[in-house]
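Structural features, examined
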Amino acid sequence: MSQAYRLRVSQTVERVVVVDDAASCELELLPLLSRERMAALLNEELVRRGFEVEDGVARRDDGDGIVVEVAEGRVTVRAESETLVTQRARRHSSDDSDAMRERLEAAATREAEALANNAEARIRRQAAHALEAALRNVQSELDRVVHRVTANALEEKARALGEITELSEDPETGELTIRVKL
C-alpha cells in the first residue's frame, strides 16, 4: 500500500523600504532691505505659519512624512518614510523529492521577491504623489508668505524714507498703497 505525500514550501521576504525624496525651489524675494533683515522678516512670517526656526532654518512637519524646510530663500519639501514590507509565497507538489523541494523553494523565493519589489514600487509611487501634492500646497502658501514679507519690507522701507501718511492694502487683489511724506 502506498502513501500519498504532499510537499509544501513557503518562503518569506522581509525588507525595510526607506523613502527619502525631496523637491526644492527658490523663493523670489525682492531685495528691498538688507539680506539679514529680509531673512528676519521671512522667518517671522514663517513662525506665524507654524514653522520652527533654528540656526537660520525654518522647519515644519506637515505629517504623513512630509517635512518643509526654508533656508536662505530655498524651500525644500521632503517626503520621508520607513515601511516594513513582508511578502510570502507558497508552493506545493505531490512529488516529495529533494530536487522538487529545491525547485519549489527557488520558485517561491522568486515569487516572494517579485511581490516585495511590487510593494516597494507602490510605496515609492505613493510617496512621490504625496510629495507632489505637498509641494503644490506649500507653493501657494509660500506665495502668500512672499507677498506678506514684501509688503512688510515695503512698509519698513517707507518708514525709513519719511512719515507714512496713508497705508492701505486690498486683501482680494493684494494691492498695497503707501503714501510717504518726505
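Small disclaimer: the values here were computed from a predicted structure and weren't measured.

**A short note on the pairing of strand S7 (residues 176-181)**
The side chains of a regular strand alternate, residue by residue, between the two faces of the sheet. Bridge count for strand S6 (residues 163-169) against S7 is six bridges, and the pairing is antiparallel. The residue bridging Glu166 from the neighbouring strand is Arg179, located in S7. Counted between consecutive antiparallel strands, the loop separating S6 from S7 contains six residues, among which Gly174 sits at a positive phi close to 85 degrees.

**Quick look at the sheet that holds strand S4 (residues 66-71)**
Strand order across the open sheet formed by five strands is S1-S5-S4-S3-S2, with antiparallel pairing between neighbours. At either margin of the open sheet sits one strand with a lone partner, and together these are strand S1 (7-26) and strand S2 (52-54). Taking each pair of neighbouring strands and ignoring which way they run, the sheet shows an average axis angle of 20 degrees.

**Considerations on a nonpolar patch on the surface**
On the surface, a nonpolar cluster with roughly 270 Å² of combined accessible area is contributed by Val16, Val18 and Leu84. Inspection of the secondary structure puts Val16 in strand S1. Its relative accessible area of 48% is what places Val16 among the partly exposed residues.

**Some details on the environment of Asp20**
Tracing the backbone shows Asp20 in strand S1. When the C-alpha positions of Asp20 and Gly65 are compared, they lie 9.3 Å apart, and in sequence the two are 45 residues distant. With residues up to four places along the chain from it excluded, the contact list for Asp20 reads Arg78, Ala79 and Glu80. A distance of 3.2 Å separates the side chain of Asp20 from the side chain of Arg78, its partner in a polar contact.

**Quick notes on the nonpolar core**
Counting 23 residues, the largest nonpolar core has Leu27, Leu42, Leu46, Val70, Val75, Val77 and Leu142 as the members making the most contacts within it. Of all the secondary-structure elements, those providing two or more residues to this core are helix H1 (35-48), S4, strand S5 (74-93) and helix H2 (98-161). Ranked by the residues each element gives to this core, the list is headed by H2, at nine residues. Setting aside its immediate chain neighbours within four residues, Val75 contacts Ala23, Ser24, Cys25, Leu27, Val68, Glu69, Val70, Val138 and Leu142.

What counts and what doesn't
- All residue numbers here refer to positions counted from 1 along the written sequence of the relevant chain.
- With pLDDT at 70 or above as the cut-off, local features in this predicted model cover only qualifying residues; side-chain atom pairs require 80 or more to be listed or tallied, and sums for whole chains, interfaces and linings still use all residues.
- The side-chain values count all of the structure's non-hydrogen atoms but skip hydrogen atoms and water molecules.
- We call two strands paired when DSSP finds no fewer than two bridges between them.
- Under the scheme used here, helices are H or I runs from DSSP no shorter than 4 residues and strands are E runs no shorter than 2 residues, and both carry numbers assigned from the N terminus.
- Throughout, an axis means a line fitted to C-alpha atoms (over the contacting stretch in the case of helices), and angles, computed between N-to-C directions, take values from 0 to 180 degrees.
- Patches here are clusters of residues that have more than 30% relative accessible area and form no salt bridge, with a 9 Å joining cutoff for like charges and a 5 Å cutoff for nonpolar side chains (Val, Leu, Ile, Met, Phe, Trp, Tyr).
- We get accessible surface area from the Shrake-Rupley algorithm with a probe of 1.4 Å; when it comes to residues, only the shown protein chains can shield them.
- Salt bridges, as used here, are contacts in which a Lys or Arg side-chain nitrogen is within 4 Å of a carboxyl oxygen on Asp or Glu.
- Remark: exposure states derive from per-residue accessible area (1.4 Å probe, protein chains only) relative to the maximum for the residue type, with buried under 20%, exposed over 50%, and partly exposed in between.
- Contacts are assigned to residue pairs that have any heavy atoms within 4.5 Å of one another.
- Here a polar contact is taken to be a pair of N or O atoms separated by no more than 3.5 Å, where protein atoms must pair a possible hydrogen donor with a possible acceptor and residues adjacent in sequence count only if both atoms sit in side chains.
- By nonpolar core is meant a set of buried Ala, Val, Leu, Ile, Met, Phe, Trp, Tyr and Cys residues that side-chain atoms within 4.5 Å join together.

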